[in-house]
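What the coordinates show
The lines below spell out each chain.
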Amino acid sequence: MKYRSLLKFDKNYIFVAVMLSILLALTIYAWRVTLDNIDATNQTRFESLAHESDRALDFRIKTYEQALLGGKGFFQGSSHVDRREWKAYSQSIDVLNNFPGISGIGKIDNVDDESLEAFQLSARADDYPHFTIHPKGDFQANFIITLIEPVETNAQAVGLNIAFEANRYEAATLSRDTGNAAITRRILLVQDAEKTPGFLLLLPMYRQDMPTETIEQRRQALTGWIYAPFIGKNFMQGLTSSEGDTLHLAVYDGTKESPDDLIFDSNVDASEVRQPKYVIRKEMDILQKKWLLVWSSSTKFEELEKSNEPLLILVSGLLFTALFGAFMIVMLIGNSQKGSLTRNYYILPIAGFCIVLIGAYFLHERIALKETALVANATKIEANTIKENILRTVESRMLALNRMAERAGLRETMQQEEWRNDAKNYIGDQPGLKAVERIESNGQVRWIEPQETNLFAVGLTEQFLKNNIRENADGLKLPTITPPIDSARGYKAFLSYSPIYIGERLDGYIVGLFGIKDTVLSSMPRAEDQYYDLRLQANGSTLFKSTNFNDPIDNQWIVEDTIELFGQPWTLTLSPNQQFLEENISFLPKLTLVIGIILAVMAGLIINFAQRFKNKSDLFAQHQNLLSTFVKHVPAAVAMFDEKMCYVAVSDRWYQDYRLSQPDVTGMSHYEVFPEIEQNHPDWVEQYQQAMKGAVIRVKEDIFVREDHEREWLRYELHPWKNVQNETGGIIVFTENITARKEMDIMKCRRLDLI
């Protein structure tokens, strides 16, 4: 019996140990998954910030390329541009304010060796008497900086032969041979007193009467370049609001993180030597050169994105494991005996269940709200980025046409062919621009480009233009756009008006017809992004929407914002799609709630079982006390033993009949109180063992030989007793000293024998 009980306990113990190990493993797994999930969410957030910076850089590069295209158009639309006209053009586009980081805008001429002296004299005659070609030497070519504005801060660059240095020469020849804008490698600008890293941006110009289909033809037709010098730190500064705050940006010329190739580093706090947690590296093709961009998280970003969720999951899991362990222990210790519990015993379990469940619900809500906030925040950031991109794109398009209008104001005698060439260049360089028109101040059309499509073919009559001018541009000196219109060709469009002023006199407008879809898509490389769906509206009409955009939108994360485009409000609606939600809304809130419900049930059960166990313990103690009292005062020699034959309870009569000297034998071994039993009565020891196994033994008489050899006659019974597990807990011995009666019987027998 004892062996089977121990074996049963071992099996239960192994079961509990296995279950606790599984729960502990699940807790650690959930904690690890939560850490990874938060890290992935933070990584996505950081990637979003880095991508925003990436797009801002790309947009800035393209905007500055547009500035060069405007300068190129100014030259190609004129037979000759002198220094005064170039200065007026530069002032009209306000280079330093409209293009942060740019040091100026100028022109580089391609001069052959035989023409150097004459070229220098001509430049001096053009209001710059100190013009000198430098440095002196025998170089591979003569690429001379002739014009640069503002000249006051770039005087050292005037007359510089950029072919003297390999990086400048390489970029110039690359631009010449490809016909596209090119940027130099990292250089030191001669006009930069601080000698910080910078570069040149060059756009080639060719003779318009010569072919440019092949490299050799382009080399023959080259006249020079429109160029702009940049100082790296000024150009990169302030791309986004997060730069230098939540992330640091380092830009390297080439593909290696070398201090010698560093163009820009927003981490101005050089004392902050630390290993950032999040780092993104990306190689970018920047105007025919490779740049390496390295974004690293700042201390502020890592502090802001810290989360207590993993700790909460770990603590909750450990608490659950502990409660489950306690529950199993209570189950093992308790028994199946049913106590008479009143309804009051269910108040605490229900209260415990409710408290744990409420706590789990609030934890679930907190985690769910945080995830929802992260998705909403990411959507807001994306919406703001798209909004800024659309604003920048439309503004850059308007700025380009405004430069065209300003050149028209400077060139009162511009011929139609010159204007058409200029307009053709703009249409080719400005995605979304469908047509350009030169109209008089009264709305009468002067020139249209392209003629073959003709603005009138899309329903824009002179009367329509006159009404449009009166409604949208009349009396304004700044460029403006119209509300969206439906073109006859089936696409949404808007018109832009750039006023042409000669002095203070309004001479007409440059009108641009923009297709909204193409304009929007050119501003957003990710307009049909796999993570977001987009819609643009104005006056209740849909101007553009991505392929997967559904009307109506049925999720809570939609973001609506208004884009003010030169007085015209457009409504931007952005919604994260299902793929984005699946990647960013985890199972953690539901898992937390499920675990919380299980914890609540376990807490209620544990409290209930604890109460039951306490009730049973109290009943058992009460029964023990009652039994001890009964045994103590019963008018018979009775003793109660445990399975080791130690006294549990003893009657007073027992002490009297056996003349025990010990005042209390409780807890003592029966063989310690009566050592003579093992010596003189081994049969009794056997009877005890049989009783322990469940036998009831009754003996009418037997001789008890005491340690002092005194003999006593006894009548006794052995009965096993059961514990709370319904197993034999020991035996009860009932004895009666019949020595006097036995001696009387013996005397009677002797007397009868005598008679």
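Note that the structure is a prediction, hence the values are computed from the model and not measured. (Residues numbered from 1 in each chain as written. Predicted model: local features only at pLDDT ≥ 70, side-chain atom pairs only at ≥ 80, totals over all residues. Heavy atoms only, no water.)

**Remarks on a nonpolar patch on the surface**
Rules: Each patch groups residues whose relative accessible area exceeds 30% and which form no salt bridge, using 9 Å between like charges and 5 Å between nonpolar side chains of Val, Leu, Ile, Met, Phe, Trp and Tyr. The Shrake-Rupley method, run with a 1.4 Å probe, gives the accessible areas here. Residue values count only the displayed protein chains as cover. In the sections that follow, a salt bridge refers to a side-chain nitrogen of Lys or Arg positioned within 4 Å of a carboxyl oxygen of Asp or Glu. Under the DSSP-based scheme used, a helix requires at least four consecutive residues in state H or I and a strand at least two consecutive residues in state E, with every element numbered from the N terminus.
A surface patch of nonpolar side chains, about 360 Å² in accessible area, is lined by Ile 14, Val 18, Ile 22 and Leu 26. Following the sequence through the fold, Ile 14 ends up in helix α1 (residues 2-76).

**Some points on the packing of aromatic side chains**
Note the threshold: Each aromatic pair joins two rings of Phe, Tyr and Trp (for Trp, the six-membered one) with centres within 6.5 Å, and gets the label stacked for planes under 30 degrees apart, edge-to-face for over 60, and tilted for any other angle. The buried label applies to any residue whose accessible area, calculated with a 1.4 Å probe on protein chains only, is under 20% of its type's maximum; exposed applies above 50%, and partly exposed to all values in between. Only when the NZ atom of a Lys or the CZ atom of an Arg is both within 6 Å of the ring centre and within 35 degrees of the ring normal do we say a charge sits over the ring.
By the definition in use, this model includes 22 aromatic pairs. Their ring planes at 75° and their centres at 5.7 Å tell us that Phe 494 and Trp 570 sit as a pair that is edge-to-face. Remark: Trp 570 occurs in strand β20 (residues 568-576) and Phe 494 occurs in strand β15 (residues 492-502); sequence separation between them is 76 residues. Trp 570 gets classed as buried once you look at its relative accessible area, which sits at 1%. Among the aromatic residues, those joined into a cluster by ring pairs are Phe 641, Tyr 647, Trp 654, Tyr 658, Phe 674, Trp 684, Phe 704 and Tyr 716. The ring of Trp 713 carries Lys 742 above its face, with NZ or CZ at 4.8 Å from the centroid.

**A closer look at the side chain of Arg 218**
We apply this condition: Counting rule for charge: Lys and Arg are taken as positive, Asp and Glu as negative, and neither His nor the chain ends is counted. We define a polar contact as two N or O atoms separated by no more than 3.5 Å, with the added condition that, inside protein, one atom must be a possible hydrogen donor and the other a possible acceptor, whereas residues neighbouring each other in sequence contribute only through side-chain atom pairs. We call two residues contacting when some pair of their heavy atoms lies within 4.5 Å.
Looking at where Arg 218 falls in the secondary structure, it is placed in helix α6 (residues 215-221). No salt bridge is formed by the buried Arg 218. Its closest oppositely charged neighbour is Glu 213, at 6.4 Å. In this structure the side chain of Arg 218 is engaged in a polar contact, spanning 3.0 Å, whose partner is the backbone oxygen of Thr 212. If we skip the residues at most four places from it in the chain, Arg 218 touches Arg 176, Asp 177, Thr 178, Gly 179, Tyr 206, Thr 212 and Glu 213.

**Here's the deal with the pattern of salt bridges**
Counted by the stated rule, this structure contains 25 salt bridges. For Asp 109, the salt bridge is made with Lys 107, and the minimal N-O distance between the two is 2.6 Å. By relative accessible area, which is 10% here, Asp 109 ends up buried. The class for Lys 107 is buried, based on a relative accessible area of 14%. Arg 207 is the salt-bridge partner of Asp 209, the closest N and O atoms lying 2.9 Å from each other. Given a relative accessible area of 42%, Arg 207 falls into the partly exposed group.

**Details of a negative patch on the surface**
Cut-off, in case you're wondering: All charge positions are set by atom: Lys at NZ, Arg at CZ, Asp at CG, Glu at CD.
A cluster of like negative charges, contributed by Asp 112, Asp 113, Glu 114 and Asp 138, occupies part of the molecular surface. Summarising the element assignment, Asp 112 is placed in the loop between β1 (105-110) and α4 (116-125). A residue is classified by how much of its surface remains accessible, and Asp 112, at 42% relative accessible area, is partly exposed.

**Thoughts on the sheet that holds β20**
Which entries qualify depends on this criterion: We call two strands paired when DSSP finds no fewer than two bridges between them. Angles run from 0 to 180 degrees between N-to-C directions of axes, and those axes are lines fitted to C-alpha atoms, restricted for helices to the stretch in contact.
A sheet is described by the order of its strands in space; here 4 strands give the open sequence β18-β17-β20-β19, paired in antiparallel fashion. Only two strands of the sheet have a single partner each, and these edge strands are β18 (541-545) and β19 (559-565). Adjacent strand axes in the sheet meet at a mean angle of 25° when their direction is disregarded. Here β19 runs beside β20; their pairing, made up of 7 bridges, is antiparallel. Across the sheet, residue Thr 562 finds its bridge partner in β20, namely Thr 571. Along the sheet, helix α13 (residues 516-523) contacts β17 (532-538), β18 and β20; its crossing angle with β18, the most-contacted strand, is approximately 45°.

**Here's the deal with the environment of Asn 402**
In this fold, Asn 402 is placed in helix α10 (residues 347-410). Among the residues examined, Asn 402 registers a relative accessible area of 13% and is labelled buried. Along the backbone, Asn 402 and Ile 510 are 108 residues apart, and their C-alpha atoms lie at a distance of 7.7 Å. Once residues lying within four places of it in the same chain are set aside, the contact partners of Asn 402 are Pro 479 and Ser 498.

**Overview of the pairing of strand β21 (residues 637-642)**
With 5 of 6 residues buried, β21 is to be regarded as a mostly interior element. Relative to strand β22 (residues 647-650), β21 runs antiparallel, the two being bridged by 3 bridges. Following the sheet pairing, Ala 639 is matched in β22 by Val 650. Here β21 folds back onto β22, and the loop between the two strands holds 4 residues, one of which, Met 645, carries a positive phi near 65°.

**Comments concerning the sheet that holds strand β7 (residues 247-253)**
Pairing within the open sheet is antiparallel, and its 4 strands lie in the order β8-β7-β10-β9. Two strands lie at the open edges of the sheet, namely β8 (262-265) and β9 (279-286), each paired on one side alone. Ignoring strand direction, the axes of neighbouring strands in this sheet form an average angle of 20°. Relative to strand β10 (residues 289-297), β7 runs antiparallel, the two being bridged by 7 bridges. Counted as the bridge partner of His 248 is Ser 296 from β10.

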